[in-house]
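What follows is the residue order along each chain.
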Amino acid sequence: MLKKITCSKLCVLLTLLGCVAIIYSAKASIKSFKKDADGVTCYLDKGLMKLKICSADIIEVKYTIFNVFDLKKSLVVDNLWTNKTNFKVSETRNNIVITTSRLKLLVNKSTNAITYIDKAGQVILTEDNTGNKTMQAATIAGINTYNCSTQFSSPANEALYGLGCHPEDSLSINYKGRNQSMLIKYMTGAIPVLLSTKGYGLMWDNYSASDFYGAEAANTKFKYVSESGKQVDYYFFYGPDFDQIINLYRTATGKAPMFPKWSFGLFQSQDRYKTQDEILGVKDQYRRNHIPVDAIVQDWYWWSPLPIGSHIMNRERYPDPKAMIDELHKANMHAMISIWPVFGSSTKDFDDLKSKGFLTSITWDNFVTRTFDTYYDAHNPKARALYWQQAKDSVVARYGWDAWWVDQCEPDNGSLLDERRKADFYVGKGIDYFNTYSLEHSKGLYNGWRKDIPGKRAFFLIRQSFAGEQRNAATLWSSDITTTFASLRNQVPQGINSCVSGIPYWTSDIGGYVSHTDPEGIPDWSNPAYRELFIRWFQFGTFCPIMRIHGKGERALFSKNWDENTKAILLKYDQLRYRLLPYIYSLAGRVTRENYTIMRSLNFDFRNDPGVYNIQDQYMFGPAFLVNPVTEQLYTGKNAASGKTTRNVYLPASARWYDFYTGKLYNGGQTIAADAPLNILPLYVKAGSIVPMGPVMEYATERPTDKIELRIYPGANGRFEYYEDENDNYNYEKGQYATFILNYDDKEKLLAISDIKGSFPGMVKKRTFNIVLVNNVHGSNVTTGKTDKSVTYLGRALTVKL
């Protein structure tokens, strides 16, 4: 962090935290400008500024003190903007005025400050008049570079969200008035995307370690500072709705592809399964006990005693890996394996990479110091291709694994962060690419998978993500969190803010990964306090985009660590997840086709309700469900004597809300004390919702979708688009999928079902809809209630009177 100093154009030398900086003023005025085909270039008395009109509501801003811009290709933005946007440029005494069909931009000639205005003349965002865009010469880790910063005005009633996943952060979900470090390392992430309740989003296209300052000038300004770069470079997105902002972000950085349907079921994982027999035993226990599950995960050290990066499964412990996976597939389970981007010396793949110059100087230094465990250069396209080929031929395609757990991809070299800064990547110095290792690593995996395993959808579980990573079939996971209620409490806002940052799929280790108070980090899951924690986390996980158990100690749903009451509660929510798969998979279709967000900050749907701005433990799961995880220990430990059995829930204004379990209807705009016994996750459904539900299943594709329960929550008009495809290939990209629209007219009590649009091989031709009009008498809770009307749907439009 650099001390603030007022100066003229270049002036002050200071030394702070080992960094030397020459600070340049941002007051270089505009001497002239010209309209280009794609925007406006401003010539300053020192340097350049460019406003690129990517679309009517996407603006890229560049500023440099040099005479030319840095022409390096963006690693984040993959849109080439070939479709030019109409815009007009005019000039007043004080401003350059740029007008699109959605925006007006005022560029102050004296200060370079940009003001963004909507078509109604309302100010959306204003760069600060002083210090709005600056570059400061600095020496960091012995490298001469420039700090790059932007500063914006922030009104008192603004709230700010996003900035990625910071698993140990216990502060507010709202970044107004608080700071955040933005460098990717073990146990913290960085996605440089920020959304505002004022209806805009920002994304900084800089990959160096950075800082967000949300408390500047008594909370009236915020600033983003990147430690290294040759220019300021940021994108402005105008919604004003959050859904539209995320749509624009993914328009710039890439769509998220469809995941296989099985991946929306339950993942069973543990640190760690050590043998083939153990994995098959887990499979048998789940199927024998009729507990829904879709995937089993092989965590690390399957290569032991060989060095990491050997890509050889130990044959004493795994005598026939292909037969093992074949057995899982016969039981309709899928298999995910953890493979790291790290290589021990004296292995065949290490030697191959080293001989071609594809290794970095970065070594794994997390809990142990092993200087011979080296990261490959994921920024090198040839190195990425070789890495993929090695892992594919030795492990992934050879045995038929279905998904890849991408662990240790920060890269994690412990506290030796300057070594990452000094590393030489194919594209440049590590200081300038500090945060993009995971992005480039997953790029190689996704491109390789699409080329060599074309009939199977890719699924990558990523420990840290950066902007744009959604296009690489990445699910962000919140790393090695602890088995505590405090950690559970932290995960809820981190999941919400990760999805606000444009990454649609997020998950945490259900139960937490490790205990810091138990021997070998393994909790005693038979302890009632740990059981309560696991139940609450499992309830939360049921309503996360990806549902995944992982951590130290046996915690499978059949485990002897669970008493019968615990097993019953866990099974209830597991079965609810599977009943909701028609709803969830339809939303996944929207993620890919419409850039939708499933795990939704309350600001997606209630941005104009200030009551939601600082709520960090409630969110929408799709358009219907208001999810309210219980993150406080109520029934065991020191709180048990308090007798508290509720949690406060704010019901957003502008809607009415049904208790999912009782059907009781509440008005919005109030806070209620929601019942929260151990077997209940407080859950409310917005009036006007249409929720398709399937039968209880043991795996995601066990039954065809020919019988669907349609729950309708009256009190408002409703709409839901149902989506389906072949579940696990990429034919949907060729148009092989189907949708139909469900519309509910509340006044007339009419449900209209549209013609089906599209088709695909194996599509269900005839469906039965069992329609339930929910009230406080029937249609609520997990199990199927009384049906109000059953109709047969043959793909042709029909109307049902309820």
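Residues numbered from 1 in each chain as written. Predicted model: local features only at pLDDT ≥ 70, side-chain atom pairs only at ≥ 80, totals over all residues. Heavy atoms only, no water.

Some remarks on the overall build of the protein
Then, number 1: For the protein, the count of helices and strands is 12 helices and 50 strands.
Then, number 2: A compact globule built from 802 residues would reach a C-alpha radius of gyration of about 28 Å, and the protein, at 27 Å, matches this within 12%.
Then, number 3: Projected onto its principal axes, the C-alpha coordinates of the protein cover approximately 75 × 70 × 60 Å.
Then, number 4: Taken over 802 residues, the protein has a buried fraction of 64%.
Then, number 5: Residue pairs at least 24 apart in sequence account for 69% of intrachain contacts in the protein once pairs closer than 6 positions are excluded.
Then, number 6: As displayed, the protein has an accessible area near 28,400 Å², and 49% of this comes from carbon and sulfur atoms. (Helix = DSSP H or I, 4+ residues; strand = E, 2+ residues; numbered from the N terminus. Rg over C-alpha atoms; globule rule 2.2 N^0.38 Å. Buried < 20%, exposed > 50% of the residue type's maximum accessible area, 1.4 Å probe, protein only. Contact = heavy atoms within 4.5 Å. Areas by Shrake-Rupley, 256 points an atom, 1.4 Å probe, with all protein chains shown as cover.)

Quick look at the packing of aromatic side chains
Centre distance and the angle of the planes are the two values used to describe a pair of aromatic rings.
Then, number 1: Within this structure, the stated rule accounts for 61 aromatic pairs.
Then, number 2: Just above the ring of Tyr-585 sits the side chain of Lys-261; from NZ or CZ to the centre is 5.3 Å.
Then, number 3: Looking at Arg-548, its charged tip hangs above the ring of Trp-405, at a distance of 5.4 Å from the centre. (Phe/Tyr/Trp six-rings, centres within 6.5 Å; stacked < 30°, edge-to-face > 60°. Lys NZ or Arg CZ within 6 Å of the ring centre and 35° of its normal.)

Here we look at the pairing of strand S38 (residues 656-659)
Then, number 1: Pairing between S38 and strand S39 (residues 665-667): three bridges, direction antiparallel. Within S39, the residue paired with Trp-657 across the bridge is Tyr-666.
Then, number 2: Between S38 and S39, which pair antiparallel and follow one another directly, the connecting turn spans five residues, one of which, Gly-663, has a positive phi of 80°.
Then, number 3: Where S38 meets strand S41 (residues 683-686), three bridges bridge the pair, whose relative direction is antiparallel. Within the sheet, the bridge partner assigned to Trp-657 lies in S41 and is Lys-686. (Pairing = 2+ DSSP bridges.)

A few points about the state of the cysteines
Then, number 1: A full pass over the atoms with the stated rule returns zero disulfides.
Then, number 2: Here Cys-42 is not cross-linked by a disulfide; its sulfur's nearest cysteine counterpart is in Cys-54, at 15 Å.
Then, number 3: Cysteine Cys-499 shares no disulfide, and the gap to the nearest cysteine sulfur, in Cys-544, comes to 8.4 Å. (Disulfide = S-S within 2.5 Å.)

Considerations on the pattern of salt bridges
Then, number 1: Considering all chains together, one arrives at 44 salt bridges under this definition.
Then, number 2: We note a salt bridge from Arg-600 to Asp-243, for which the minimum N-O separation is 2.6 Å. With Arg-600 in strand S34 (residues 599-600) and Asp-243 in helix H1 (residues 242-253), this pair connects stretches of sequence that are 357 residues apart.
Then, number 3: Here Arg-647 ties to Asp-617 by a salt bridge, and the two come within 3.2 Å at their closest N and O atoms. (Salt bridge = Lys/Arg side-chain N within 4 Å of Asp/Glu carboxyl O.)

Describing helix H8 (residues 485-500)
Three or four residues apart is the spacing at which side chains of an α-helix point the same way, because the helix has 3.6 residues per turn.
Then, number 1: With 16 residues, H8 ought to run about 22 Å at 1.5 Å a step, and its terminal C-alpha atoms sit 24 Å apart, in line with that.
Then, number 2: Counting buried positions along H8 gives 14 out of 16 residues, so the element sits mostly inside the fold. (Expected span 1.5 Å × (residues − 1).)

Brief notes about the sheet that holds strand S27 (residues 403-406)
Then, number 1: Read from one edge to the other, the open sheet built from eight strands follows the order S32-S31-S30-S27-S23-S22-S21-S33, with strand pairing classed as parallel. Edge positions in the open sheet fall to strand S32 (506-507) and strand S33 (547-549), since each of these has one partner strand only.
Then, number 2: Pairing geometry for strand S31 (residues 474-477) and S32, over two bridges, is parallel. Across the sheet, residue Leu-476 finds its bridge partner in S32, namely Trp-506.

Brief notes about the sheet that holds strand S26 (residues 374-376)
Remark on secondary structure: sheet strands pair via backbone hydrogen bonds, oriented parallel or antiparallel.
Then, number 1: Judged by pairing direction, the sheet is antiparallel, and its three strands sit side by side in the order S24-S26-S25 without closing on themselves. The open sheet terminates on both sides in strands that have one partner only, identified here as strand S24 (342-343) and strand S25 (359-363).
Then, number 2: The pairing of S25 with S26 spans two bridges and is antiparallel. Bridge pairing links Thr-363 to Thr-374 in S26.

Some remarks on the packing of helix H10 (residues 564-579) against helix H11 (residues 581-594)
Then, number 1: Two elements in contact, H10 and H11, have axes separated by 5 Å at closest approach and are oriented at 50°. As judged from the angle between their axes, H10 and H11 are oblique. Each of Arg-577, Tyr-578 and Arg-579 in H10 lies in contact with H11, whose residues at this interface are Leu-581, Pro-582 and Ile-584.
Then, number 2: A per-class count over the contact of H10 with H11 returns four nonpolar, no polar and two charged. (Axes fitted to C-alpha atoms, helices over the stretch in contact; angles between N-to-C directions. Parallel < 35°, antiparallel > 145°, perpendicular 65-115°, else oblique. Nonpolar A, V, L, I, M, F, W, Y, C, P; charged D, E, K, R; others polar.)

Some remarks on the nonpolar core
Then, number 1: With 248 residues, the main nonpolar core has Phe-236, Tyr-286 and Phe-625 as its most contacted residues.
Then, number 2: Ranked by residue count, the leading element in this core is helix H5 (residues 381-399), at eight residues.
Then, number 3: Setting aside anything within four residues of it in sequence, one finds Phe-236 in contact with Asp-57, Ile-58, Ile-59, Leu-103, Tyr-116, Ile-124, Leu-125, Tyr-200, Gly-201 and Leu-202. (Core = buried A, V, L, I, M, F, W, Y, C linked by side-chain atoms within 4.5 Å.)

Some thoughts on the layout of surface pockets
Then, number 1: Within this model, the second largest pocket holds a volume of roughly 810 Å³.
Then, number 2: What lines the second largest pocket is a set of 37 residues, among which Lys-72, Lys-73, Ser-74, Leu-75 and Val-77 lie closest to the centre.
Then, number 3: Residue assignment for the lining of the second largest pocket shows that the elements contributing at least two residues are strand S6 (58-64), strand S20 (232-238), H5 and helix H7 (437-452).
Then, number 4: Grouping the constituent residues of the lining of the second largest pocket by class yields 12 nonpolar, 10 polar and 15 charged. (1 Å grid on protein atoms, 1.4 Å probe; cavity = no way out; pocket = protein on both sides within 12 Å on 5 of 7 lines; lining within 4 Å. Points joined across faces, edges and corners; volume = space filled by probe spheres on them.)

A short note on H10
Then, number 1: Here H10 spans 22 Å end to end across 16 residues, near enough to the 22 Å set by a 1.5 Å rise per residue.
Then, number 2: Where H10 is concerned, the buried positions are Thr-566, Ile-569, Leu-570, Lys-572, Tyr-573, Asp-574, Leu-576, Arg-577, Tyr-578 and Arg-579.

Side note on the confidence of the model for the protein
Then, number 1: Scored by pLDDT, the protein comes out at a mean of 94, with 96% of its residues at no less than 70.
Then, number 2: Long-range and interchain partners of residues 1-22, a stretch whose pLDDT sits below 50, account for 50 contacts in this model, where long-range means more than four residues apart. (pLDDT = per-residue confidence, 0-100.)

Considering the environment of Ile-58
Then, number 1: For Ile-58, the location among the structural elements is in strand S6.
Then, number 2: Remark: the alpha-carbon pair of Ile-58 and Glu-410, spanning 352 residues in sequence, is separated by 29 Å.
Then, number 3: If we ignore the near neighbours within four places in the chain, the residues touching Ile-58 are Lys-52, Ile-53, Trp-81, Tyr-235, Phe-236, Phe-237 and Leu-248.

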